[in-house]
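Fold and contact review
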Amino acid sequence: MKVILQRVSSASVAVEGQTVGEVKSGFMALVGFTHTDTMEMVQWMADKILGLRVFADAEGKMNLSLTDIGGEILVISQFTLYGNAEKGRRPSFIDAARPEIAEPLYENMVAVLRASGVKVETGRFGSEMQVSLINDGPTTLILEK
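In what follows, the accompanying structure is described. (Residues numbered from 1 in each chain as written. Predicted model: local features only at pLDDT ≥ 70, side-chain atom pairs only at ≥ 80, totals over all residues. Heavy atoms only, no water.)

**Here's the deal with helix α3 (residues 99–115)**
Definition in use: Only DSSP runs of H or I with at least four residues qualify as helices, and only runs of E with at least two residues qualify as strands; both kinds are numbered from the N terminus onward. Here a helix's expected span is defined as the number of its residues, less one, multiplied by 1.5 Å. Only protein chains enter the area calculation, which uses a 1.4 Å probe; residues under 20% of their type maximum are buried, those over 50% are exposed, and those in between are partly exposed. Picture the helix axis, draw a direction to every C-beta atom, and the arc is the one those directions span. In what follows, residue pairs with any heavy atoms lying within 4.5 Å of each other are defined as contacts.
For α3, with 17 residues, the first-to-last C-alpha span of 24 Å sits near the 24 Å given by 1.5 Å per residue. Among all positions in α3, only Ala 102, Leu 105, Tyr 106, Met 109, Val 110, Val 112 and Leu 113 are buried. Along the axis of α3, the buried positions cluster into a sector of 165°, meaning they face one direction only. The exposed residues of α3 that point more than 90 degrees off its buried face are Glu 100 and Ala 115. Looking at the buried positions of α3, the neighbouring elements they touch are β3 (26–32), α1 (39–51), β6 (72–77) and β7 (119–122). Of the residues trailing α3, Gly 117 is marked for its positive phi of about 95°.

Written out as structure tokens, the structure reads:
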């Protein structure tokens, strides 16, 4: 599983011109799955995301987590995180999990994050989406499990 996690002051996602998810201060997470990912890995990643201390405390240091600040998270499925462009000019997506594997993992990730009490918004799995965000910092992390 790969996650591109960006600290945002706002983020939104639209499908066919309609906004389907929108958050204010918090994270925007692009999430990709491979064939060997499990529900246990999803739980680990969700816990990692919720606990990462990348938000400023009163002294301006990165000491607070998403839950500490009452932040929100926009979760977007992103199979292209497993694109391999090592050979040629057209990426191969053979390492990306097929939808029948990836979608339940994605839905579980969303459910685990929501169960924490954090506001979670999503894109639409398998759809063409337009994502907008204001990266705060900028702060971007690449997480892999």
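**Comments concerning the pairing of β7**
Remark: a regular strand shows side chains that alternate across the two faces of the sheet. Note the following rule: In this description, strands pair whenever DSSP reports at least two bridges between them. Orienting the strands away from the viewer, one traces the path from the first strand over the helix to the second; a clockwise path indicates a right-handed crossover.
Taking every second residue as pointing to the same face, the buried face of β7 carries Val 120 and Thr 122, while none of Lys 119 and Glu 121 on the other face is buried. Pairing of β6 with β7, which is carried by 4 bridges, proceeds in the parallel orientation. Directly across from Glu 72, in β7, lies its bridge partner Lys 119. Following the backbone out of β6, through α3 and into the adjacent parallel β7, one traces a crossover that is right-handed.

**Description of the side chain of Arg 7**
Quick reminder of the rule: Throughout this description, a polar contact denotes any pair of N or O atoms lying within 3.5 Å of each other; where both atoms belong to protein, one of them has to be capable of donating a hydrogen while the other can accept it, and for residues adjacent in sequence the pair is counted only when both atoms sit in side chains.
By the secondary structure assignment, Arg 7 is in strand β1 (residues 2–15). For Arg 7, a relative accessible area of 10% translates into the label buried. Within the local environment of Arg 7, its side chain forms a polar contact with the backbone oxygen of Val 54, the two atoms lying 2.5 Å apart. When sequence neighbours within four positions are dropped, the list of residues in contact with Arg 7 reads Gly 26, Phe 27, Val 54, Phe 55, Met 62, Ile 134, Asn 135, Asp 136, Gly 137 and Thr 139.

**Concerning unusual backbone geometry**
Across the junction of Gly 137 and Pro 138, the peptide omega takes the value -5°, indicating a cis bond. One can find Pro 138 in strand β8 (residues 130–144). Positive phi values are uncommon outside glycine, yet Glu 16 reaches one of about 50°. As for its placement among the helices and strands, Glu 16 is situated in the loop between β1 and β2 (18–23).

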